[in-house]
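# Chains, contacts and geometry: an overview
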Amino acid sequence: MEAMAGWAYLVIFVLLVVDCLIPAVPAETSVIAGGALAASGHLHVAVVLLASVAAVIVGDLLTHEAARRGGRWLLDRWLRDERYHRAVGWVARLLERRGGAIVAAGRFVPLGRTTVALVSGYARFPRRRFLPAIAIGALLWSGYTIGLGYLGGNVFTGNPLAAAGLGVALSLLVTGVTTAAQRMRLRARKAGHP
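From a predicted model like this one, the values you see are computed outputs, not experimental measurements.

Looking now at the overall build of the protein chain. Looking only at helices and strands, the protein chain has 7 helices and 0 strands in total. Out of the 194 residues in the protein chain, the part that is buried amounts to 36%. Within the protein chain, contacts between residues at least 6 apart in sequence are counted, and of these 77% link residues at least 24 apart. On the protein chain, roughly 11,100 Å² of surface is accessible, and the fraction owed to carbon and sulfur atoms is 69%.

Below you can see the structure in the form of structure tokens.
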């Protein structure tokens, strides 16, 4: 049982690191499942949290550094369109003003974690500001995501698959609601309303 748990922690860690680099990996589901398995006593919640936080920091730092060192050349090749240069410039200016908050909050936005890590590296956002912000974002996101699984594990005692399913459904619901609210706010702003 302990050997199986060790593998589960490693799987969570590896999937999250890879997800930071390739966002198509179902890493969030593995963290939710880890929370559900912790609720049923198969895993230790503190170790799931440690694996998740460490993986997010490592993965985002790798993405940030890749963009910082070689990403400028790659992005310049891909971003020949003036719209993209303006968008990257806008995000870079936003990072200057509210960098830490954007880096931490980017973890909660679909594709935001990779985008923020890439653009912050491209814009040469200082590591001394990036690391504490990503650590805070990793801790908050991991706690939230594990909590969803843990809640599901307590609701569906003895059925980790249903527990993980509930956690994923709650995560999608929260993401959908916040995305819709953000879009409504942007539309209102574009229409000239405060």
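Now that the structure has been shown, we can carry on.
As a further point, take the pattern of salt bridges. Counted by the stated rule, this structure contains 3 salt bridges. Across the pair E65 and R127 runs a salt bridge, and its minimum N-O distance is 2.6 Å. Here R127 lies in helix α6 (residues 127-155) and E65 lies in helix α3 (residues 45-78), a separation of 62 residues in the sequence. Look at E65 and you get buried, because its relative accessible area is 13%. Connected through shared salt-bridge partners, E65, R69 and R127 make up one network.

This part covers helix α2 (residues 27-39). Along an α-helix, residues three or four apart share an orientation, since each turn contains 3.6 residues. If you check α2, its first and last C-alpha atoms are 19 Å apart, about what 13 residues at 1.5 Å a residue would give, namely 18 Å. Just beyond α2, the residue with positive phi is G41, at close to 85°.

The next thing to look at is the packing of aromatic side chains. Within a pair of aromatic rings, the relevant descriptors are the distance that separates the centres and the angle that separates the planes. Scanning all chains against the criterion turns up 0 aromatic pairs. Across from the ring centre of W141, 5.0 Å away, lies the NZ or CZ of R107, which sits over that ring.

The topology assignment puts H64 in helix α3. Here H64 is in contact with A117, S120, G121, F125, R127 and F130, once residues within four sequence places are set aside.

With respect to the helices and strands, the residue S142 is situated in helix α6. Since its relative accessible area comes to 0%, S142 is described here as buried. Taking the C-alpha atoms as reference, S142 lies 9.1 Å from E28; in sequence the two are 114 residues apart. Dropping the residues within four chain positions of it, S142 is found in contact with L49, S52, V53 and G147. A distance of 2.6 Å separates polar atoms of two side chains, one belonging to S142 and the other to S52.

Summary statistics for the protein chain give a mean pLDDT of 80 and a share of 77% for residues scoring 70 or more. Per-element averaging of pLDDT across the protein chain places helix α7 (residues 160-190) at the bottom with 68 and α6 at the top with 90.

We now examine the nonpolar core. In this structure, I12, L16, V31, L43, V48, V56 and W141 are the most contacted members of the largest nonpolar core, which totals 15 residues. Setting aside its immediate chain neighbours within four residues, I12 contacts S30, V31, G34 and V48. In this structure, V116, V119, A133 and I134 belong to the second largest nonpolar core, which totals 8 residues.

Attention now moves to the packing of α2 against α6. At a minimum axis distance of 6 Å, the contact between α2 and α6 shows a crossing angle of 50°. Put simply, α2 runs oblique to α6. Crossing hand, α2 versus α6: right-handed. Counted together, E28, V31, I32, G35, A36, A38 and A39 of α2 and W141, T145, I146, G149, Y150, G153 and N154 of α6 form the full contact between these two elements. Considered class by class, the residues forming the contact of α2 with α6 number 8 nonpolar, 5 polar and 1 charged.

So, how was this worked out
- Just so you know, the residues in each chain are numbered from 1, in the order the chain's sequence is written.
- Per-residue local features are limited, in this predicted model, to residues with pLDDT of at least 70; the limit for side-chain atom pairs, both in listing and counting, is 80 or more; totals at the level of whole chains, interfaces and linings are taken over all residues.
- Each side-chain value is derived from all of the structure's non-hydrogen atoms; neither hydrogens nor water enter the calculation.
- Helix and strand labels come from DSSP, where a helix needs a run of H or I of at least four residues and a strand needs a run of E of at least two; each type is numbered from the N terminus.
- When a residue's accessible area, from a 1.4 Å probe over protein chains only, is under 20% of the maximum for its type it is buried; when over 50% it is exposed; and in between it is partly exposed.
- Residue contacts are defined here by distance: any two heavy atoms, one from each residue, within 4.5 Å place the two residues in contact.
- Each accessible area is a Shrake-Rupley estimate made with a 1.4 Å probe; only the visible protein chains count as cover when residues are assessed.
- A carboxyl oxygen of Asp or Glu within 4 Å of a side-chain nitrogen of Lys or Arg is what we treat as a salt bridge.
- To estimate the expected span of a helix, subtract one from its residue number and multiply by 1.5 Å.
- Centres within 6.5 Å are what make two rings of Phe, Tyr or Trp a pair, Trp counting through its six-membered ring; a difference in plane orientation under 30 degrees is then read as stacked, over 60 as edge-to-face, and the rest as tilted.
- Consider the ring centre and the ring normal. A charge sits over the ring if Lys NZ or Arg CZ is within 6 Å of that centre and within 35 degrees of that normal.
- Counting of polar contacts relies on pairs of N or O atoms within 3.5 Å, with two restrictions inside protein: one atom must be capable of donating a hydrogen and the other of accepting it, and residues adjacent in sequence are counted only when both atoms are side-chain atoms.
- Per-residue confidence from the predictor is given as pLDDT, running between 0 and 100.
- Definition of nonpolar core: a set of buried residues of the types Ala, Val, Leu, Ile, Met, Phe, Trp, Tyr and Cys, connected through side-chain atoms within 4.5 Å.
- Lines fitted to the C-alpha atoms define the axes, with helices restricted to the stretch that makes contact. Angles between their N-to-C directions range from 0 to 180 degrees.
- These descriptions rest on fixed angle ranges, namely under 35 degrees for roughly parallel, over 145 for roughly antiparallel, 65 to 115 for roughly perpendicular, and the rest for oblique.
- Crossing handedness follows the turn of the near helix against the far one: under a right angle anticlockwise gives a left-handed crossing, and clockwise gives a right-handed one.
- Under the scheme applied here, ten amino acids are nonpolar (Ala, Val, Leu, Ile, Met, Phe, Trp, Tyr, Cys and Pro), four are charged (Asp, Glu, Lys and Arg), and all others, including Gly, are polar.

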